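Fold and geometry: a report
Take a look at the letters that make up each chain.
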Amino acid sequence: MPAASPVHVTVTGAAGQIGYALLFRIASGQLLGPDTPVRLHLLEVPQAVKAAEGVALELDDCAFPLLAGIDIHDDATEAFAGTNVALLVGARPRTAGMERGDLLSANGGIFGPQGAAINAGAAQDVRVLVVGNPANTNAFIAAAAAPDVPKDRFTAMTRLDHNRAVGQLAARTGAPVTDIARVTIWGNHSATQYPDLLHATVGGRPALEVVGDDAWVRDTFIPTVAKRGAQIIEARGASSAASAANAAIDHVRTWVDGTPAGDWTSAGVVSDGSYGVPEGLVSSFPVTSDGGAWQIVQGLELDGFSRGRIDASVEELVDEREAVRALGLA
Ligand code: NAD
Ligand code: LMR
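Residues numbered from 1 in each chain as written. Chains lettered and ligands numbered in written order. Predicted model: local features only at pLDDT ≥ 70, side-chain atom pairs only at ≥ 80, totals over all residues.

The protein has the name Malate dehydrogenase in an unreviewed UniProt entry, where Cellulomonas alba is given as its organism. The UniProt entry for the protein carries the following comment under Function (unreviewed entry): "Catalyzes the reversible oxidation of malate to oxaloacetate." Note on the protein: under the UniProt heading Sequence similarities (unreviewed entry), the record states "Belongs to the LDH/MDH superfamily. MDH type 2 family." (UniProt positions renumbered as here; feature names shortened; annotations may be inferred.)

If you want it as structure tokens, here you go:
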């Protein structure tokens, strides 16, 4: 019987497809562990509140022992009041004919007010994960609107890319995923990202040595991981949902529980200038957690190819930041 007081978890876009794959896992204890009760706060746009109510009916019907209650909101200030974990999933999808500036503008209208609402009322220990695309820049916008919340509480999801990279390397080498360590995703959650095996290991051996085929890494591994989102959209007719929800669970669970000794993961965090990534940009890095805050892994040597790939993705983040600033969104 859970004794602790519930942790408040807010999920935006709760009636969407990622929301549907995520909420049941949170309520069953997979986000925060088997001893932590959760109270869910579902945020939706008014026209999707009825659908969110339907999801809540199904959550009730699971009789999850750890689920201490569900509140449904169409107001961000109410949804984030007192929240400890904020999962910002709801976003405006790109539609035909929409330019990048239009997408950034539409999402600025969502993530700015949500950042402000987190600033106004979230719990002191709030941790924020932005999933909605463009995730890095949406996290940048939300963080900019929350000047009183420490910047290291705002993160963007690249754990799905990380998991995809681990899956591809396991398939290629025949090693179990548990043998794979120190894979890194650098940069933006977009096709410019750099999935990096330079420091990765397979069963304790350098991954590049185990693979023994640089052309595979460059011409197959990197583009497969970087373009996996588009491949899934093409195959399913909809963007990844269960794997995205799984990555969100992994991201928060690792943040709260810490990374295993000798390993790291990947997350979009606010840059402190490490590896030449301009301070303040939300970029993916190799990170560890001690259960409290993410730390960027320091001192990794980068070859010229890696440097070029990282710079190219960071350049895209700089462009997005400039576009957002030009729109007055941050
Ligand atoms: P979806 O369209 O099925 O659901 C999105 C939901 O968000 C909808 O129910 C919509 O009503 C809601 N919403 C829109 N604006 C909102 C607002 N202001 N407040 C609250 N809710 C709002 O989309 P999905 O498949 O669940 O994907 C959600 C987002 O996640 C998309 O932007 C997608 O591109 C992104 N995504 C990111 C990753 C990643 O790895 N970072 C992976 C997959 C998908
Ligand atoms: C993914 O990586 O699966 C998604 O971010 C793709 C998308 O554009 O929604």
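Moving on, we get to the sheet that holds strand β11 (residues 205-206). Overall, antiparallel pairing links the three strands, which are arranged β7-β10-β11 in an open sheet. The two strands at the open ends of the sheet, each matched to only one other strand, are β7 (180-181) and β11. Inspection of the sheet shows β7 paired to strand β10 (residues 201-202) by two bridges, in the antiparallel sense. Counted as the bridge partner of Ala-181 is Thr-201 from β10. (Pairing = 2+ DSSP bridges. Helix = DSSP H or I, 4+ residues; strand = E, 2+ residues; numbered from the N terminus.)

Turning next to the nonpolar core. Leu-40, Leu-87, Leu-88, Val-130, Val-131, Ala-142 and Ala-248 are the most contacted members of the largest nonpolar core, which has 96 residues in total. Per-domain counts for this core show at least three residues from each of domain 1 (7-156) and domain 2 (159-321). If sequence neighbours within four positions are ignored, Ala-248 has contacts with Leu-22, Leu-87, Leu-129, Val-131 and Met-157. (Core = buried A, V, L, I, M, F, W, Y, C linked by C-beta atoms within 7 Å. Buried ≥ 20, exposed ≤ 12 C-beta atoms within 10 Å, placed from the backbone. Domains from an automatic or database assignment. Contact = placed C-beta atoms within 7 Å.)

Below, the discussion takes up the sheet that holds strand β13 (residues 282-289). An order of β3-β2-β1-β4-β5-β6-β12-β13-β14 is seen for the nine strands of this open sheet, with the pairing classed as mixed. Each end of this open sheet is capped by a strand with a single partner; those strands are β3 (67-73) and β14 (294-296). Neighbour to neighbour, the strand axes of the sheet diverge by 35° on average, direction disregarded. Two elements, strand β12 (residues 265-270) and β13, share six bridges in a ladder whose sense is antiparallel. Residue pairing for β13: Thr-265 is matched across the bridge by Val-287. Seen against the sheet, helix α5 (residues 135-144) touches β4 (85-88), β5 (127-130), β6 (154-156), β12 and β13 and runs at an angle of roughly 165° to β6. (Axes fitted to C-alpha atoms, helices over the stretch in contact; angles between N-to-C directions.)

A separate point is the confidence of the model for the protein. Considering every residue of the protein, the mean pLDDT works out to 96; 99% of them sit at 70 or more. Confidence scores differ between elements of the protein, with helix α4 (residues 100-121) showing the lowest mean pLDDT of 92 and strand β8 (residues 184-186) the highest of 99. Of the two predicted TM-score estimates for the complex, the pTM is 0.98 and the ipTM is 0.99. (pLDDT = per-residue confidence, 0-100.)

Now for the UniProt feature "binding site: substrate" (unreviewed entry) in the protein. With numbering aligned to this structure, UniProt lists the feature "binding site: substrate" (unreviewed entry) at Arg-94, Arg-100, Asn-133 and Arg-164. A maximum C-alpha distance of 25.3 Å is found for the annotated residues, which run over 71 residues; spatially they are spread out rather than grouped. Locating Arg-100 in the fold gives a position in helix α4. If you trace the backbone, Asn-133 turns up in the loop between β5 and α5. Judged by C-beta crowding, with 20 C-beta atoms within 10 Å, Asn-133 ranks as buried.

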